[in-house]
Amino acid sequence: CVVVAQDFDFFYFVQSWPGSYCDTRRGCCFPSTGKPRADFGIHGLWPNYNDGLYPSSCDSDSLFDPSVLSDLKGELQKNWPTLACPSGDGNAFWGHEWNKHGTCSESRLEQHGYFAAALNLKRKVDLLRILTNSGIKPDGRFYSLNRIRNAIREATGFTPGIECNVDGDGNSQLYQIYICIDKNGSDFIRCPVLPRQRCKSTVEFPYFGKITTTDNG
Ligand code: 5GP
Ligand code: 5GP
Ligand code: 5GP
């Protein structure tokens, strides 16, 4: 008999705030290519089912091949930086994301298309601009979770998922934002299911290097 893999239903496009990855007790290591910009970075584009479950590591025969991404390398380093320790050039992180998540959307996107789709989505949803335009800045202050969620809903048309983690002092902070995307990897959709969030009602938006504002004199 033939076993046909169940197709997935939608993607989560997940972006991380680097300040919140780095200020945990575990810390972080900047990529070998240098400190990332103070911007949200891509974590991944994750196939998901409508019931909240998700497939993973779907094709061990599909090896991650950095050579097919050579034209995207600069954009990947800029928008999909690796912050895990020890420092790397990004290939280990991108390869992990391809093996765990990308191989589960091969019915729609091959390797180059998968990474190009994530980069295009990052261009479509500028989270830092959306938040700063609403007065929510990475200045180490605390902001209402509802205010963060509403700013993104007003800008994108849909309610995002918001995930928090905890800094070295035990504060709940804005860590990752989940935007739901159609199976083609191109359009925002209403989330069929939101990921569990571990946020307090007020969360820290930590600093990550220089903030470019017009009122910092
Ligand atoms: P954590 O346990 O830190 O929440 O998640 C660890 C990893 O599991 C994530 O980086 C991601 O690879 C995967 N993961 C966690 N939650 C989800 C989810 O709701 N959907 C999908 N597709 N993957 C998830
Ligand atoms: P996920 O949480 O997506 O399953 O796993 C992320 C994996 O990629 C972890 O094994 C982690 O060590 C590695 N990794 C490399 N760079 C990063 C990074 O910048 N952020 C995160 N979350 N994981 C990274
Ligand atoms: P990975 O090593 O599976 O499977 O990572 C497990 C979890 O730890 C992931 O949620 C990832 O975000 C986090 N993580 C992995 N490496 C680092 C690190 O170097 N620093 C920090 N702060 N978190 C990490």
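Residues numbered from 1 in each chain as written. Chains lettered and ligands numbered in written order. Predicted model: local features only at pLDDT ≥ 70, side-chain atom pairs only at ≥ 80, totals over all residues. Heavy atoms only, no water.

What follows covers the confidence of the model for the protein. With 94% of its residues at a pLDDT of 70 or more, the protein shows a mean pLDDT of 94. pLDDT under 50 marks residues 212–217. Its contacts with residues more than four places away, or in other chains, come to 4 contacts. Model confidence for the complex is summarised by a pTM of 0.93, with the ipTM given as 0.88. (pLDDT = per-residue confidence, 0-100. Contact = heavy atoms within 4.5 Å.)

For the rest of this paragraph, the subject is the side chain of Ser 20. Note that Ser 20 resides in helix H1 (residues 18–22). One polar contact links the side chain of Ser 20 to the main-chain carbonyl oxygen of Leu 174, over a distance of 2.5 Å. Those residues within four positions of Ser 20 in sequence are excluded, and the remaining contacts are Asn 165, Gln 173, Leu 174, Tyr 175 and Pro 206. (Helix = DSSP H or I, 4+ residues; strand = E, 2+ residues; numbered from the N terminus. Polar contact = N/O pair within 3.5 Å; in protein donor to acceptor, adjacent residues only side chain to side chain.)

Relative to the assigned elements, Thr 82 resides in the loop between helix H2 (73–79) and helix H3 (91–100). Once residues lying within four places of it in the same chain are set aside, the contact partners of Thr 82 are Cys 29, Phe 30, Pro 31, Gly 88, Asp 89, Gly 90 and Phe 93.

What follows is about the site of ligand 3. Around ligand 3 sit Tyr 21, Thr 24, Arg 26, Gly 27, Ala 84, Cys 85 and Tyr 175, and those are all the residues in its vicinity. Take Thr 24: an N or O atom from its side chain is 3.0 Å from a nitrogen atom of ligand 3. Note that an oxygen atom of ligand 3 is positioned 3.4 Å from one of the side-chain N or O atoms of Tyr 175. Each residue belonging to the shell around ligand 3 can be placed in one class, and the counts come to 4 nonpolar, 2 polar and 1 charged. (Near = heavy atom within 4 Å. Nonpolar A, V, L, I, M, F, W, Y, C, P; charged D, E, K, R; others polar.)

Topologically, Phe 188 is positioned in the loop between strand E5 (172–181) and strand E6 (202–204). Along the backbone, Phe 188 and Gln 15 are 173 residues apart, and their C-alpha atoms lie at a distance of 14 Å. Once you skip the residues sitting within four places of it in the chain, Phe 188 turns out to touch Leu 121, Lys 124, Val 125, Thr 156, Phe 158, Ile 179, Cys 180 and Ile 181.

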